[in-house]
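A closer look at the structure
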Amino acid sequence: MDRPLPAPGGFPIVGIVGGGQLARMCAGPAVELGITLSVLAESTQAAAAFAIPSAPVGAADDLEAVRAFARDCDVVTFDHEQVPQDVLAALVAEGVTVHPSPEALVHAQDKLVMRNRLSQMGIPCPAWAQVDDVAALRAFGEAHGWPVVLKTPRGGYDGKGVRVVRTAEDAADWFAHGEPLLAEESVDFVRELAVLVTRSPSGQASVWPIVHTVQTDGICTSVVAPAADLDEELAGELAATGLRIAGELGVTGVMAVEVFELAAGDGAAYVVNELAMRPHNSGHWTQDGSVTSQFEQHLRAVLDLPLGAVTPRSPWTVMTNVLGGDPERHGQLYPTYKHLMARDPALRIHLYGKSVRPGRKIGHVNTYGTDLAEVTARGRHAADYLQGVIDE
Ligand code: ADP
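What counts as what
Residues numbered from 1 in each chain as written. Predicted model: local features only at pLDDT ≥ 70, side-chain atom pairs only at ≥ 80, totals over all residues. Heavy atoms only, no water. Helix = DSSP H or I, 4+ residues; strand = E, 2+ residues; numbered from the N terminus. Buried < 20%, exposed > 50% of the residue type's maximum accessible area, 1.4 Å probe, protein only. Contact = heavy atoms within 4.5 Å. Lys, Arg positive; Asp, Glu negative; His and termini not counted. Charge placed at Lys NZ, Arg CZ, Asp CG, Glu CD. Salt bridge = Lys/Arg side-chain N within 4 Å of Asp/Glu carboxyl O. Pairing = 2+ DSSP bridges. Axes fitted to C-alpha atoms, helices over the stretch in contact; angles between N-to-C directions. Core = buried A, V, L, I, M, F, W, Y, C linked by side-chain atoms within 4.5 Å. Phe/Tyr/Trp six-rings, centres within 6.5 Å; stacked < 30°, edge-to-face > 60°. Lys NZ or Arg CZ within 6 Å of the ring centre and 35° of its normal. 1 Å grid on protein atoms, 1.4 Å probe; cavity = no way out; pocket = protein on both sides within 12 Å on 5 of 7 lines; lining within 4 Å. Points joined across faces, edges and corners; volume = space filled by probe spheres on them. UniProt positions renumbered as here; feature names shortened; annotations may be inferred. Polar contact = N/O pair within 3.5 Å; in protein donor to acceptor, adjacent residues only side chain to side chain.

1. Some details on the overall build of the protein
- Within the protein, the secondary structure is distributed over 13 helices and 16 strands.
- The principal-axis extent of the C-alpha atoms belonging to the protein is close to 60 × 55 × 45 Å.
- Looking at the 392 residues of the protein, the share that counts as buried comes to 53%.
- Considering only intrachain contacts with a sequence separation of at least 6, the fraction spanning at least 24 residues in the protein is 62%.
- Of the side-chain charges in the protein, 29 are positive and 48 negative, and the distance between the mean point of each set is 5 Å.

2. Brief notes about the pattern of salt bridges
- Inspection of the entire model under this criterion finds 16 salt bridges.
- Among the salt bridges present, the one from arginine 138 reaches glutamate 169, with a minimum N-O distance of 2.5 Å. With arginine 138 in helix α6 (residues 134-144) and glutamate 169 in the loop between β6 (162-165) and α7 (172-175), this pair connects stretches of sequence that are 31 residues apart.
- When its relative accessible area of 32% is taken as the criterion, arginine 138 is described as partly exposed.

3. With respect to the sheet that holds strand β1 (residues 13-17)
- Read from one edge of the open sheet, three strands run β2-β1-β3, paired in parallel fashion. The sheet is open, and its two borders are formed by β2 (36-40) and β3 (75-78), each paired with just one other strand. Neighbour-to-neighbour, the strand axes of the sheet open up by a mean angle of 30 degrees, direction not taken into account.
- Where β1 meets β3, four bridges bridge the pair, whose relative direction is parallel. Residue pairing across strands places valine 14 opposite valine 75, the latter belonging to β3.
- In this fold helix α10 (residues 294-302) packs onto β1, β2 and β3, with an angle of close to 140 degrees to the strand it touches most, β3.

4. Quick look at the nonpolar core
- Counting 45 residues, the largest nonpolar core has Val17, Ile245, Leu275 and Met277 as its most contacted members.
- With residues up to four places along the chain from it excluded, the contact list for isoleucine 245 reads Leu118, Met121, Ile123, Val251, Met255, Val257 and Leu275.
- Judged by nonpolar contacts, the second largest core, of 21 residues, contains Val14, Leu22, Leu37 and Leu299.

5. Re the packing of aromatic side chains
- All chains considered together, the criterion is met by two aromatic pairs.
- With centroids separated by 4.4 Å and ring planes inclined at 10 degrees, the aromatic side chains of phenylalanine 189 and phenylalanine 260 adopt a geometry described as stacked. You can see phenylalanine 189 sitting in the loop between β7 (181-185) and β8 (191-199) and its partner phenylalanine 260 sitting in strand β12 (residues 253-261), a full 71 residues away along the chain.
- Against the face of tryptophan 174 rests arginine 163, its NZ or CZ located 4.7 Å from the ring centre.

6. Comments concerning empty space enclosed by the protein
- This model, assessed by the stated rule, comprises one cavity of 30 Å³ or more.
- Approximately 30 Å³ is the volume attributed to the largest cavity.
- Together, Ile16, Leu22, Ala23, Cys26, Thr77, Phe78, Asp79, Pro279 and His298 line the largest cavity.
- Contributions of two or more residues to the lining of the largest cavity are made by α1 (21-33) and β3.

7. Some words on the UniProt feature "binding site: ATP" (unreviewed entry) in the protein
- UniProt tags Lys111, Lys151, Glu184, Glu185, Ser186, Val187, Glu192, Asn273 and Glu274 as "binding site: ATP" (unreviewed entry).
- Summarising the element assignment, glutamate 185 is placed in strand β7.
- Setting aside residues no more than four positions away along its own chain, glutamate 185 makes contact with Pro126, Ala127, Phe140 and Val149.
- A polar atom in the side chain of glutamate 185 sits 2.7 Å from the backbone nitrogen of alanine 127.
- As for its position among the elements, glutamate 192 is in strand β8.
- Not counting chain neighbours up to four residues away, the residues in contact with glutamate 192 comprise Val211, His212, Thr213, Gln215, Val259 and Phe260.

8. A short note on the side chain of threonine 36
- Looking at the element boundaries, threonine 36 is found in strand β2.
- Take threonine 36: its relative accessible area is 12%, and that puts it in the buried class.
- Reaching out from threonine 36, the side chain makes a polar contact with the backbone oxygen of leucine 5 at a distance of 3.1 Å.
- Aside from chain neighbours lying at most four places away, what touches threonine 36 is Pro4, Leu5, Pro6, Ala7, Pro12, Ile13 and Val14.

Written out as structure tokens, the structure reads:
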């Protein structure tokens, strides 16, 4: 079915550009609230296409496809940030309600725009500069020390588009494209945190407890909610910073502020790494650990409904990502359910309907309870078992 069917009763149709797992995970809350979803999916095999009946296929940068899709929707939002600004501008010009707005979204699309704006706002950032060539990078490295973290301003995810360079010449191939790059000092951080905020068009806002995003080789492998032993004053400051960014940028919907926590000292206690404007991996724990999940909260926000309570359901919730293992040996996920469900009846499994590829995020599990070590171990066990790393 291509066209969305609105539910009787005056319920709206929410259109999501992009058919990944984030759109897919909005399906449950939408069904419960009687809201119809429609997704513009990359293909019939997209994660959301299995869960949402209205999933026309089209590219996010195809103006005609996005325009035709938006015509059937009361509000348009996003599964990812890769919708070009000219496509967004055309929608807005035609009167389509778009959340977040293109003016806000650009700060999650372009890291140079983000760095400029946050620095203007006085928000702690790593030392940074726009570098257009090898000479500019060399000057930055000489001023701030090597290695330098070099980023493509657009299109990166899961560490792709991020490179640690030890000399300016190491990056010569990246400058061959002629695009400016973002150079950042290499931050010696204690751990990575995330602030997950929601803001509605009317200006109501909420913020979940600050979480610790545990990274392995540039990929988030688990999230601990709340971040253990986080200084209370810092937690308050981070929440206030998240709300301030959302307010000043006019963000609507869910936004994640990724943060590096610094060692206690004289200067700032943190620097902001980057922004994401959509439900985010750092918020998957809310599906089972918060009164309102980030997916329901995002729907409420883009529809300008009152936001839900963000109270945790448990002292600790841990989200553990499930990465694809060897597809030959561990391509079949369903057979793992019997053992996992029998072993841990409180385990919450969330898979994305994606085929298994090594290292690909194919799902996550949530565990919760009163003992963090035990909650962490249960999550790790389940993810390892699903990935085929262990067999009992
Ligand atoms: P992506 O957009 O691909 O998620 P990020 O900008 O978040 O890229 O960078 C990916 C990872 O690289 C971060 O999670 C962090 O571990 C590391 N990183 C990024 N910027 C810096 C920096 N300035 N200093 C040290 N590590 C960094």
